[in-house]
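# An overview of the molecular structure
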2 protein chains.
Amino acid sequence: MIGKDRAGRRWSIGELAEASGVTVRTLRHYDEIGLLRAGERTASGHRRYTERDLRRLYRVRALRALGLSLDEVAGVLDDSGDEPEAMRALLAAQLRDLEERAGQIALLMDRIQGLLRRLDGRSMPDPDQFMTTLEMISVFEAYFTPEQRERLAERRAELGSEAVDAARTEWAGLVEELLGHVRADTPVDDPRVRDLVRRWDTIGAAFHAGDERTAGAARRMWRDHGPELARGLPWSADLLNGLVAYVDRVRRAG
Amino acid sequence: MIGKDRAGRRWSIGELAEASGVTVRTLRHYDEIGLLRAGERTASGHRRYTERDLRRLYRVRALRALGLSLDEVAGVLDDSGDEPEAMRALLAAQLRDLEERAGQIALLMDRIQGLLRRLDGRSMPDPDQFMTTLEMISVFEAYFTPEQRERLAERRAELGSEAVDAARTEWAGLVEELLGHVRADTPVDDPRVRDLVRRWDTIGAAFHAGDERTAGAARRMWRDHGPELARGLPWSADLLNGLVAYVDRVRRAG
DNA sequence: CTAGAACCTCCCCCTGCGGCCGGTTCAACC
DNA sequence: GGTTGAACCGGCCGCAGGGGGAGGTTCTAG
């Protein structure tokens, strides 16, 4: 039993699959792409794997277990000049890659956890409102840094939800009044519109607390994404875009 | 300028792509799979996107930004009965999925960091030896729990590398002696082989510190993966397999 | 000798698009 | 009204890593 045929065992593809824990399909795939060719074939074409092939398969599995691509695995195994240096570099690169992917996943998890808190927390019964919030959040994330968002959230919490609602109501009134001036083509240096815009800015300042970069980000966001942000409001995006342009002219005039 | 055509704007595919930051190709893909159909077409077949389409696109983007698949996004947007419950369930499922992926990545990073420490640390100049170690590590990870591996590593550190080398040398001597008995068909209850096996077990116990589950895991590992583990040793896998079977019989006889 | 398991080669399928091809069509300018 | 360059159309191939199946041979145990 011990010390038998020195020519070594041969494995059929099914035997090798079972012995190594990969599927037959995978072995055929590896054969096809040249990563692990069957060392021999029977006269009729059946694959015969040798001990060398078995060794190679174990190495392939080990390298795959590090998350390397099949190409990378092939590169490591075929460059017989696989200096430890090259290996170290490859592993370091792989580590960086994994770190990045972990960061992406952490970002997604943060977003989802935030949304779940909102959903579990207070009222969010209207799916449409939820979707609108979702759109706004994704836009917010593109324009404000995490710190800015955090400070905005803190500020909202400080103000309390009734104050936020009051601000929204006051802002709606300002919009109506200003739209009247837009339609009436009131000159941008009229003291009445100047006063309205001052109140407008005061409301904004209550949220961004005088941080000019946050305010600028908000303006850029509005400029680029007015249409979505206007959703749920009783005015059309075009109307609001015109309004914002008008307010801008008022600011520059003042 | 303000308050123009109530029928609403239309966007060509290129305009919508630029406005929303996705590529033309992506929009065509969404159209093709039915996720975001252009609400209208010109007589000649060019896509005309409406405001509804724009809204839908923003929702698609928002949901994609949570890592949902296109199918999941379509499900959320098309099930008009998108109760907050369903949304919560979907997000919770997504979160679990992400957690699992994060765990996988963390596992890969651990492995790679461990390997890099080995590479950077003491001698590992031979790439072949490195690969062999790699194979063994991946097999180890399949058989020992993380705690068991940690305790094995601690134990090795306690013993020191010279003690480990000494153990290996002694073990090699035992193997040679036992192989002689195998060839000579010494009965399994012969006191001489019983003594050799006792010494064999003592060496093992020095590592697994008497933890029977760790020892059992090691035996299962050897039974399943003898060939790879035997790599780098001066005996063939067949030889060692026969030896292990003999040692088992000696144990049972004792 | 025969049945059934195992094996073979093609081929299409999945995700989420990127990219190219050959052929319309649009929009602006002359 | 004509021209011309940009935009647009559908269709097809490609990617990573195989899954799964069709239809046809071959192996192997009884």
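Let me begin by describing the structure that accompanies this report. (Residues numbered from 1 in each chain as written. Chains lettered and ligands numbered in written order. Predicted model: local features only at pLDDT ≥ 70, side-chain atom pairs only at ≥ 80, totals over all residues. Heavy atoms only, no water.)

Here the focus is the protein's contact with DNA strand C. Contacts to DNA strand C come from 19 residues, most closely from S12(A), R28(A), R47(A), T23(B) and S44(B). Within the contact set of DNA strand C, a phosphate oxygen lies 2.6 Å away from a side-chain nitrogen or oxygen of S12(A). In this structure, a base oxygen belonging to DNA strand C sits 3.0 Å away from a side-chain N or O atom of R25(B). Of all the secondary-structure elements, those providing two or more residues to the surface near DNA strand C are helix 1 (13–20) and helix 2 (24–33) of chain A together with helix 2 (24–33) of chain B. It is helix 2 of chain B that provides the largest number of residues to the surface near DNA strand C, a total of four residues. Looking at side-chain class alone, the surface near DNA strand C contains three nonpolar, 10 polar and six charged residues. (Near = heavy atom within 4 Å. Polar contact = N/O pair within 3.5 Å; in protein donor to acceptor, adjacent residues only side chain to side chain. Helix = DSSP H or I, 4+ residues; strand = E, 2+ residues; numbered from the N terminus. Nonpolar A, V, L, I, M, F, W, Y, C, P; charged D, E, K, R; others polar.)

Glancing now at the nonpolar core. One finds L27(A), L63(A), L91(A), L27(B), L63(B) and L91(B) to be the most contacted residues of the largest nonpolar core, which totals 76 residues. Counting residues per element, this core draws most heavily on helix 5 (residues 84–120) of chain B, which supplies 12 residues. Ignoring anything within four residues of it in the chain, the contact list for L63(B) reads M131(A), L134(A), L68(B), V73(B), V76(B), L77(B) and M87(B). Counting residues in each nonpolar core, the second largest holds 19 residues, with L196(A), V197(A), I203(A) and L240(A) among its members. (Core = buried A, V, L, I, M, F, W, Y, C linked by side-chain atoms within 4.5 Å. Buried < 20%, exposed > 50% of the residue type's maximum accessible area, 1.4 Å probe, protein only. Contact = heavy atoms within 4.5 Å.)

Close to DNA strand D lie 19 residues, the nearest being S44(A), S12(B), G14(B), R28(B) and R47(B). R25(A) places a side-chain nitrogen or oxygen 3.2 Å from a base oxygen of DNA strand D. Between a phosphate oxygen of DNA strand D and a main-chain N or O atom of L70(A), the distance comes to 3.4 Å. Secondary-structure elements contributing two or more residues to the surface near DNA strand D are helix 2 of chain A together with helix 1 (13–20) and helix 2 of chain B. Per element, the largest residue contribution to the surface near DNA strand D is four residues, and it comes from helix 2 of chain A.

Positive phi values are uncommon outside glycine, yet D185(A) reaches one of about 55 degrees. Looking at the secondary structure, you find D185(A) in the loop between helix 8 (161–183) and helix 9 (191–208).

So, about the environment of L27(B). Residues and elements named next belong to chain B. By secondary structure assignment, the location of L27 is in helix 2. Placed 13 residues apart in sequence, L27 and G14 show a C-alpha to C-alpha distance of 9.2 Å. Excluding anything up to four places from it in sequence, L27 contacts I13, L16, A17, V22, L36, Y49 and L57.

Applying the stated criterion to the full structure yields 24 salt bridges over all chains. Here D78(A) makes a salt bridge to R56(A), at a shortest N to O gap of 2.9 Å. Of the two residues, D78(A) is situated in helix 4 (residues 70–78) and R56(A) in helix 3 (residues 51–64); the sequence distance between them amounts to 22 residues. Classification of R56(A) as partly exposed rests on a relative accessible area of 21%. D248(B) is paired through a salt bridge with R251(B); the nearest N and O atoms lie 3.0 Å apart. Of the two residues, D248(B) and R251(B) both sit in helix 11 (residues 237–253), three residues apart, roughly one turn of that helix. D248(B) gets classed as partly exposed once you look at its relative accessible area, which sits at 28%. Here the residues in one salt-bridge network are D31(A), R37(A), R41(A) and R47(A), joined through shared partners. (Salt bridge = Lys/Arg side-chain N within 4 Å of Asp/Glu carboxyl O.)

Residues and elements named next belong to chain A. Interhelical geometry of helix 1 versus helix 3 gives an angle of 45 degrees and a closest axis separation of 12 Å. As far as their axial angle goes, helix 3 and helix 1 are oblique. Along this stretch, helix 1 crosses helix 3, giving a crossing that reads as right-handed. Contacts between helix 1 and helix 3 pair L16, A19 and S20 from the former with L54, L57, Y58 and R61 from the latter. (Axes fitted to C-alpha atoms, helices over the stretch in contact; angles between N-to-C directions. Parallel < 35°, antiparallel > 145°, perpendicular 65-115°, else oblique. Left-handed = near helix turned anticlockwise from the far one by under 90°.)

The terminal C-alpha atoms of helix 7 (residues 146–159) of chain A, which comprises 14 residues, lie 20 Å apart, in line with the 20 Å expected from a rise of 1.5 Å per residue. One or two residues past the end of helix 7 of chain A sits G160(A), with phi positive at roughly 85 degrees. (Expected span 1.5 Å × (residues − 1).)

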